[in-house]
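Inside the fold
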Amino acid sequence: MGISANFKGLTKDKMPHDLPKAYDPTAIEDHWAGYWVRENLFAVPTPDPAVRNPAGSQPFTILLPPPNVTGRLHMGHMLNQTEMDILTRWRRMRGRVALWVPGTDHAGIATQMMVERQLTEEGTSRQKLGREAFVERVWAWKRHYGGAILEQMKRLGVSVDWSREYFTMDERLSIAVHEAFVRLYHQGLIYRGAYIVNWCPRCQTAISDLEVVHQEQKGHLWEIRYPVLGDGGKETGEFITVATTRPETMLGDTAVAIHPEDERYLHLHGKKLRLPLMNREIPIVVDPWVSREFGTGAVKVTPAHDPNDFAIGERHHLPSINVMDDRAHINENGGAYQGLDRYVARKKIVADLEAQGLLGAIKDYTNNVGHCDRCKTVVEPRLSTQWFIKIQPLAEKAIAAVKPNANGNKAIRFTPENYEKIYLEWMTNIHDWCISRQLWWGHRIPAWHCGACHKITVPQPGAAGDPTACAHCGSVTITQETDVLDTWFSSGLLPVSVFGWPNITPETRADFDAFYPTSLLVTGFDILFFWVARMIMLGCWFSSDVPMADGSPRPPAETVPFREVYIHALVRDANREKMSKTKGNVIDPIEIVKQYGTDAVRFTLASMASPGTDIAFNVARTEGYRAFANKIWNAARFIFMNVDKAAETGSTPPSLKSWSSFGSKGHKEFYQLPFRESPTRIEDNWIVTLLARTAGEVNEALENYRYDEAANTIYQFFWGSFCDWYLEIVKLRLIFEPAEDEAAVERTVRAAAALNTLVSVFEVSLRLLSPFMPFLTEELWHAVYDGNPPAKSIALASFPGPGEISSEMLAAITKMEILQSLVTEIRALRKEIGIEEKAIVPIEVRTDTASRKIAEENRDIIERLARVSEVRFVNQIAAGHSKHSTPAFDLAVIYERTIDVAAERERLTKDIARYEKGLAGAERQLGNEAFLAKAPAQVVEGLKKQEAETRLLLEKAKVALDALPNE
Ligand SMILES: [Zn+2]
Ligand SMILES: [Zn+2]
């Protein structure tokens with residue numbers, strides 16, 4: 001008997017597959033996480049243009065939504081990365097070139113804030129340091145701390161290509177940012193203008209609408225009376241009353257507006273008012289935008305501090321007077337209030353108005369106040385000169401990319417589908433994008449202001465180096481713009497810039513050709529507009545003039561940054577509450593990972609992840625999956641123990657070769673392996689068929705982002721079928737003994753055959769589980785091959801395909817199900833009657849010929865699994881035994897014993913109460929319309945089945961109770 005290469009060198013003292021007794025996730029996870037990075041296992045080199053698509057299929061490409069360089073891993077990341085890793089590992093194992101590109105974002109505001117806080121602690125500030133030294137300081141911070149989140153990702157086992165890791169401020173990505181800006185500028189799509197922006201007085205920068213969080217806040221509505229002026233500028237004694245939530249802005253009022261048809265004010269058309277405290281004459285303007293119904297129907301107009309007022313100001317050519325500085329202190333335009341903080345000024349203004357008798361009523365008022373998303377400071381709408389992107393025609397292309405074309409095809413598909421509508425609505429109503437930020441950390445805008453002619457010079461596309469003179473007048477006194485670009489401007493370019501854009505030449509374009517458009521983006525709803533929408537706008541715009549690999553013009557469907565977008569759900573706490581620091585219910589993924597292992601946490605998330613459904617993260621569930629991992633570990637130990645026994649008795653060791661392509665097309669023969677054995681073993685045929693069916697279902701589920709279905713199917717197979725049934729049955733045949741006589745030899749040959757199927761099915765199952773639990777499966781897979789596996793990692797082996805299932809195979813399932821229900825019914829009956837666990841008892845079975853044949857052929861299984869001493873086939877179950885019936889058989893357990901009537905009465909009474917309670921619960925649930933409408937079909941089916949079974953048990957218990965002799 002030969003020893004295969006896989007098991008060569010086994011000795012009794014040293015057996016690499018001799019696993020430690022206890023499953024310790026920390027030890028194995030650290031080991032493999034390091035191994036995967038060290039071995040660069042998931043690196044995808046730039047393809048040789050001559051050998052395009054070596055795997056004969058489109059590569060699977062995915063970008064990691066770059067976490068902030070200041071970030072720490074949270075549960076949202078963990079879900080997002082688990083989902084991405086499952087899909088990437090699965091696609092890779094299915095034979096596609098799978099490239100997952102990681103990186104981090106320089107996160108302008110967040111990072112600057114972090115370093116500024118440090119400086120404050122050191123008693124200094126960025127202003128004292130100066131721009132250059134400050135930026136150097138941020139770089140130093142980044143070098144020191146910036147990699148933390150990536151290190152955490154490594155611990156999660158993400159199968160990214162670390163050799164392609166980027167940082168959005170890297171030189172090559174900065175070149176892309178520069179080029180994108182100058183191109184848009186010279187295409188007439190970037191302009192500079194004064195507009196109302198959301199200004200954060202803490203961060204001292206403009207922030208986008210998306211970065212403003214609105215919170216309901218209790219405040220006041222102050223009424224102020226503005227004296228009407230008559231001829232010669234004299235007060236007439238009449239007043240117009242306006243109301244405001246921000247009295248301090250009145251310092252910048254330049255008009256009061258009324259509706260043209262408001263009868264209360266018809267006589268005041270064309271008149272002027274005196275602005276209190278500032279003693280400025282301001283006009284009354286008529287504007288149909290004013291609502292007659294709201295308040296007094298008269299509104300103060302402060303064009304420099306309110307977007308609606310700004311629009312009124314434009315329409316009526318009113319001056320804009322900015323009364324606040326960058327820190328929201330009143331500036332030189334605020335008269336006596338100059339230098340005061342906005343809220344101090346507010347108090348003083350209200351007091352002064354009151355003293356002058358110009359304050360009307362003060363009403364309680366709840367309004368939605370905008371806060372800076374980063375620092376929570378109240379945002380001040382403020383007129384400021386900023387850089388903008390003219391959003392058309394970029395938005396137009398971004399809409400076309402998502403809408404179905406004439407053939408009904410969409411270049412980008414959203415899952416869940418409803419996000420498509422949300423995206424399109426936003427994109428249709430989009431405003432010009434303010435891309436400048438008054439920060440020091442970020443990509444400085446490549447524009448130079450001329451000290452002589454005050455015009456702007458922006459380098460030409462493709463030009464190298466900074467300009468040295470004004471492009472308009474030639475003056476050399478030019479200075480670079482101090483603003484930097486919005487962080488989302490650079491991250492919006494990532495899909496093109498990580499693959500080399502704008503440097504696309506015949507020599508450099510291999511990456512771009514191979515990997516653009518990317519296949520999929522997995523991200524959260526919160527950055528749909530921030531990031532997803534901007535990648536679509538910029539990706540479609542800038543890739544459209546990059547020709548295809550063959551030189552032909554790029555069709556619109558090939559300009560998109562990704563073909564699919566999967567929006568993942570939220571991870572909530574076990575009570576479905578949103579996690580928040582204030583509530584104190586935040587779960588730290590790293591802590592949970594330390595406690596239960598990454599694999600168990602990944603499996604928990606996967607088992608609940610499906611499109612559009614939030615996840616209620618429950619640690620109890622993770623505990624359950626930790627037990628699942630343990631179960632698999634123990635199964636492995638049992639299997640390896642038998643492999644060792646086989647080796648000791650010199651029997652043929654398992655050969656896994658023919659199983660390596662389980663389920664792939666054209667590899668039908670492997671299915672036949674167990675079927676060819678003689679005598680045919682029902683459990684082998686069954687488990688192999690089940691494995692093939694499971695593989696089919698998992699592939700199908702993953703195609704549809706049903707991580708939950710995939711995970712649960714594998715779980716059912718591994719625990720419910722493989723461990724609970726198959727292992728128990730196959731034990732009957734695993735008898736290895738010295739070849740002392742012919743019978744012993746025959747038993748050993750049979751055992752070797754059984755072991756072969758057992759090990760093979762186990763190995764294929766590990767591959768099926770691998771994308772979900774990469775660490776455990778890697779460890780056990782290497783052990784299966786005794787440290788000498790056919791590939792460096794299970795992640796590089798092939799994922800079981802759906803294959804084809806023959807009718808003969810399906811028959812194996814039906815047969816096994818009869819056997820299983822026999823065993824299950826015997827067990828249930830034993831429990832009902834109260835037979836001790838260890839007792840071995842005879843049974844009577846009445847059944848049809850076919851089922852009888854199955855039961856007869858597999859007596860040993862029934863006897864072993866249901867602790868049966870003898871199976872008697874009868875035409876009629878003898879009277880006096882309680883029996884179970886299924887459509888296929890009637891069954892009785894023959895058990896004589898003296899009954900303790902009192903104890904039996906008590907037991908049955910308890911049972912009845914329990915069944916009744918269970919039944920009531922099930923009925924309540926099945927009567928709940930809302931539950932029925934939401935619950936998956938199989939859950940409802942299961943409940944109904946459970947209800948019917950409980951009803952049956954209840955009736956039986958009642959009958960048994962009645963039958964007890966009276967004492
Ligand atoms: Zn702020
Ligand atoms: Zn000039």
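Residues numbered from 1 in each chain as written. Chains lettered and ligands numbered in written order. Predicted model: local features only at pLDDT ≥ 70, side-chain atom pairs only at ≥ 80, totals over all residues. Heavy atoms only, no water.

What to know about the coordination of the zinc ion (ligand 2)
Put simply, the rule is: Ligating atoms shown are N, O and S within 2.8 Å of the metal, or 3.2 Å for Na, K and Ca, and water is not included, meaning a site may look less than complete. For the purposes of this entry, the term helix denotes a DSSP run of H or I that reaches at least four residues, the term strand denotes a run of E that reaches at least two, and both are numbered from the N terminus. Exposure categories follow from relative accessible area, calculated using a 1.4 Å probe and restricted to protein chains: below 20% of the type maximum is buried, above 50% is exposed, and the middle band is partly exposed.
Ligation of the zinc ion (ligand 2) by protein atoms is provided by Cys450 (SG), Cys453 (SG), Cys470 (SG) and Cys473 (SG), these donors lying 2.2 to 2.4 Å from the ion. The sequence pattern formed by the donor residues of the zinc ion (ligand 2) is C-x2-C-x16-C-x2-C. Of this pair, cysteine 453 sits in the loop between strand S18 (448-450) and strand S19 (456-457) while cysteine 473 sits in the loop between S19 and strand S20 (478-480), placing them 20 residues apart in sequence. A relative accessible area of 28% places cysteine 453 in the partly exposed class. A residue is classified by how much of its surface remains accessible, and cysteine 473, at 42% relative accessible area, is partly exposed.

Points about empty space enclosed by the protein
One simple way to see leftover space: roll a probe sized like a water molecule over the atoms. The condition that has to hold: Only protein atoms enter the 1 Å grid, on which a cavity is a set of points fitting a 1.4 Å probe that cannot get out and a pocket is an open set with protein on both sides within 12 Å along at least 5 of 7 lines, lining residues being those with an atom within 4 Å of a point. Grid points are joined across faces, edges and corners, and a volume is the space filled by probe spheres set on the points.
Throughout the structure, instances matching the rule amount to one cavity of 30 Å³ or more. Of the pockets and cavities examined, the largest cavity occupies roughly 30 Å³. Lining the largest cavity, in full, are Ala33, Trp36, Val37, Phe42, Lys154, Gly157, Val158 and Trp162. The dominant element in the lining of the largest cavity, judged by the number of residues it contributes, is helix H1 (residues 25-38), at three residues.

Some thoughts on the packing of aromatic side chains
We count it as follows: Each pair of aromatic rings taken from Phe, Tyr and Trp, with Trp reduced to its six-membered ring, is defined by centres within 6.5 Å and is described as stacked if the planes are under 30 degrees apart, edge-to-face if over 60, and tilted in the remaining cases. Charge over a ring is defined by NZ of Lys or CZ of Arg lying within 6 Å of the ring centre and within 35 degrees of the ring normal.
Taken as a whole and assessed by the stated rule, the structure comprises 38 aromatic pairs. Taken together through their ring pairs, the aromatic side chains of Phe603, Tyr625, Phe628, Tyr715, Phe718, Trp719, Phe722, Tyr726, Phe762 and Phe772 make up a single cluster. Just above the ring of tryptophan 36 sits the side chain of arginine 89; from NZ or CZ to the centre is 4.6 Å. Seen from the ring of phenylalanine 239, arginine 225 lies directly overhead, with NZ or CZ sitting 4.4 Å from the centre.

A few points about H1
Test applied: To estimate how far a helix should extend, the number of its residues minus one is multiplied by 1.5 Å. The directions from the helix axis to the C-beta atoms are what the arc is built from. A contact between two residues is defined here by any heavy atoms of the two lying within 4.5 Å.
Compared with an ideal rise of 1.5 Å per residue, which puts 14 residues at 20 Å, H1 spans 20 Å between its outermost C-alpha atoms and is within 8% of the ideal. Every buried residue of H1 is accounted for by Pro25, Ile28, Glu29, Trp32, Ala33, Tyr35 and Trp36. On an axial view of H1, the arc spanned by its buried residues comes to 165°, and they lie on one face. Lining the buried residues of H1 we find helix H2 (75-93), helix H6 (148-156), helix H16 (589-596), helix H17 (598-608), helix H18 (619-648) and helix H23 (774-784). Positive phi appears at asparagine 40, one or two residues downstream of H1, with a value of about 55°.

Examining the environment of alanine 401
Along the polypeptide, alanine 401 turns up in the loop between helix H10 (394-400) and strand S15 (413-415). The exposure class of alanine 401 is buried, given its relative accessible area of 6%. Each C-alpha atom, one on alanine 401 and one on methionine 537, is 9.2 Å from the other, the two residues being 136 residues apart in sequence. Ignoring any residue separated from it by four or fewer positions in sequence, one finds alanine 401 in contact with Lys410, Ala411, Ile412, Ile536, Cys540 and Val560.

Things to note about the sheet that holds strand S6 (residues 205-207)
In sheet architecture, strand pairing relies on hydrogen bonds along the backbone and comes in two forms, parallel and antiparallel. Going by this rule: At least two DSSP bridges between two strands are needed for those strands to be called paired. The axes are straight lines fitted to the C-alpha atoms, using for helices just the contacting stretch, and the angles between their N-to-C directions are given from 0 to 180°.
Sheet architecture is open: four strands sit in the order S6-S5-S14-S16, paired in antiparallel fashion. Either end of the sheet is taken by a strand with one partner, and the two such strands are S6 and strand S16 (433-434). Across the sheet, helix H8 (residues 307-316) is in contact with strand S5 (190-200) and strand S14 (380-389); its angle to S5 comes to roughly 140°.

Describing the coordination of the zinc ion (ligand 1)
Of the protein atoms, only Cys200 (SG), Cys203 (SG), Cys372 (SG) and Cys375 (SG) coordinate the zinc ion (ligand 1), at distances of 2.2 to 2.4 Å. Going along the chain, you hit the donors of the zinc ion (ligand 1) in the pattern C-x2-C-x168-C-x2-C. Taken as a pair, cysteine 200 in strand S5 and cysteine 372 in strand S13 (residues 359-372) lie far apart in primary sequence, 172 residues in all.

Describing the environment of lysine 376
Formally: A 3.5 Å cut-off defines polar contacts: any pair of N or O atoms within that distance qualifies, except that in protein one atom must be a possible hydrogen donor and the other a possible acceptor, and neighbouring residues in sequence count only when both atoms are side-chain atoms.
Structurally, lysine 376 can be placed in the loop between S13 and S14. For lysine 376, the side chain forms a polar contact with the main-chain oxygen of aspartate 373, separated by 2.7 Å.

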